[in-house]
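# Chains, contacts and geometry: an overview
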Amino acid sequence: MNLKELFNRANEVIHSRQGHSVLVFMAFLALSALLWCVIAFNDESQADIRMPVRLTNVPDSVTIVSQVPATMSVSLQARGTQLLKLTWGKVPNFNIDFRVFRSDGALRLTDTDLKAIARSAIDGANIIIVSPDSLNLAFTSQPPVVMPVNPDYIVTPGPQATISGTPRLSADSVKVYSIGRLPSSIEAITTEPIRFNSLNETTTKRVKLIAPPGSRVIPDSIDVTIDVEPLIFKTRKVAVEAINVPDGQKLITFPAQVDVMYMIPVSDYKTSEPRIRVTADYRSISASSSSRMIRLRIAEASDNLQNVHLAVDSAEYIIEKLEKEE
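Residues numbered from 1 in each chain as written. Predicted model: local features only at pLDDT ≥ 70, side-chain atom pairs only at ≥ 80, totals over all residues. Heavy atoms only, no water.

As a rule of thumb, non-glycine residues mostly have phi less than zero, and peptide bonds are mostly trans rather than cis. Backbone torsion omega between Ser 131 and Pro 132 reads 0°, so that peptide bond is classified as cis. In this fold, Pro 132 is placed in the loop between β6 (126-131) and β7 (135-140). Each neighbour pair has its own omega, and for Ile 218 with Pro 219 the value is 0°, a cis peptide bond. Notably, Asp 104 is not glycine yet its phi reads approximately 55°, a positive angle. Given the relative accessible area of 75%, Asp 104 is considered exposed. Positive phi, close to 55°, is recorded for Ser 198, a residue that is not glycine. Looking at where Ser 198 falls in the secondary structure, it is placed in strand β14 (residues 194-199). (Helix = DSSP H or I, 4+ residues; strand = E, 2+ residues; numbered from the N terminus. Buried < 20%, exposed > 50% of the residue type's maximum accessible area, 1.4 Å probe, protein only.)

Here's what the structure looks like:
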C-alpha cells in the first residue's frame, strides 16, 4: 500500500460514523484533562522545600563567628502552579539582611522573623513551619589572630613501608576570629583526629580545624598529607666492638665482623650510610661458665632503619693479656 492509498483509507475511517464517534470522544477527553489540570493547579497543596541561606549587606569589617546554616527547611501551602514552579524551577534564596536583625553583637531572628522572610521570598505562599525555628548568629569586628596549626595524628605504616617525616599541611597557620579575647592557654589550632593503620602509600585527607569556643577559624579545614615510602631490605657487614674491657686485656671475637640486616627507605638506599654499632660486652662473660661464646647486640642504629637485626646473636671469643709498656 502506497502513501496515497494509506491517506485515502485514513480519510474514509475518519469520515465514517465510527471514526466520528472516536474523534468526539478524544475531544471530550482532552477537554476534561485540561479542566482537571486547571482545577488541580488552582487548588492549594502542602510541600516541603529547602531554601539556600544568604546573608546580605554584611560590612567588610564584620565576620560572622557562628555557624550559618546552609539551608532552611520550609513547610508551606501554596497553589499547584506555584508548587510546580518551586519543584522544577530555581528555589529562591532565604535572604537575611544584616542591617535589619543586628543587635548587640549578634543577629537574632525569631520564628516570626523567619516565616516573614520565607513568605517574602515565596510571594503568596502560606508558611507553616520553618526549621530551625530561631537563629542567633554572633559576629565580631575585631581583627583576627594568626595561629599555627597542629595536626592531631596517629599513623602506622604497613609492614613494607615507613612514614617519611611529619605531615605536610596545605596551610600551616590560620586566622582566628573571636568574640572576646582568646585564652592565653590556646597557642595553636588543632585538627580533628587523623587515624590511619597499615598505610602503604602517600595519602592526603581533608580535615576540619577545631575552633576554640566563641570563635571562628578561616579556613575551617585544611589538607593533611602523610608521606609514605617503601622499604628496601639490605645487609651490611659491621665490625664487632668490644666494650667494658679491663685495662691490660683485649677481647677478640670470631668472626670480627657480623652481618646486620635491616630495612631502609628507598630514598636513603643509595644516598646515606647508616650508623650501626654492634658490641660485645666483656661484663656479660660469666666466670663460672665454660662457654667460649659471647652475646652480641646492636647498641646503636640510625633512626631511618627498620627491623634491624643480626644474622647471628653470639660469637666465639678469646681474651688476650697485653704487655705493659716500659
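Picking up where we left off.
Time to look at the nonpolar core. Counting residues in hydrophobic clusters, the biggest one holds 27 residues, and the most contacted among them are Val 74, Leu 76, Phe 94, Ile 96, Leu 107 and Leu 109. Ranked by residue count, the leading element in this core is strand β3 (residues 71-79), at 4 residues. Excluding residues that lie within four positions of it along the chain, Val 74 makes contacts with Ala 47, Asp 48, Ile 49, Met 51, Ala 118, Ile 127, Ile 129 and Val 130. (Core = buried A, V, L, I, M, F, W, Y, C linked by side-chain atoms within 4.5 Å. Contact = heavy atoms within 4.5 Å.)

By convention here, two paired aromatic rings are described through the distance between centres and the angle between planes. Per the counting criterion, the structure on display carries 1 aromatic pair. The ring of Tyr 317 carries Arg 292 above its face, with NZ or CZ at 4.6 Å from the centroid. (Phe/Tyr/Trp six-rings, centres within 6.5 Å; stacked < 30°, edge-to-face > 60°. Lys NZ or Arg CZ within 6 Å of the ring centre and 35° of its normal.)

Once that is clear, we can look at the side chain of Asp 97. Along the chain, Asp 97 falls in strand β4 (residues 94-97). Residue Asp 97 is classed as buried on the basis of its relative accessible area, which comes to 17%. Excluding its chain neighbours within four sequence positions, the residues that come into contact with Asp 97 are Thr 56 and Asn 57.

This next bit is on the layout of surface pockets. It is the rolling of a water-molecule-sized probe over the atoms that shows where space remains empty. Taken as a whole, the largest pocket spans an internal volume of roughly 320 Å³. Taken together, 14 residues form the lining of the largest pocket, with Val 65, Gln 67, Arg 216, Val 217 and Asp 220 sitting closest to its centre. Sort the elements by how many residues they give to the lining of the largest pocket and strand β16 (residues 215-218) lands first, with 4 residues. For the lining of the largest pocket, the residue count by class is 8 nonpolar, 3 polar and 3 charged. Residue contributions to the lining of the second largest pocket peak at 4 residues, all from helix α3 (residues 80-88). The residue inventory of the lining of the second largest pocket, partitioned by class, reads 4 nonpolar, 2 polar and 4 charged. (1 Å grid on protein atoms, 1.4 Å probe; cavity = no way out; pocket = protein on both sides within 12 Å on 5 of 7 lines; lining within 4 Å. Points joined across faces, edges and corners; volume = space filled by probe spheres on them. Nonpolar A, V, L, I, M, F, W, Y, C, P; charged D, E, K, R; others polar.)

Coordinates in, geometry out; function isn't part of it.
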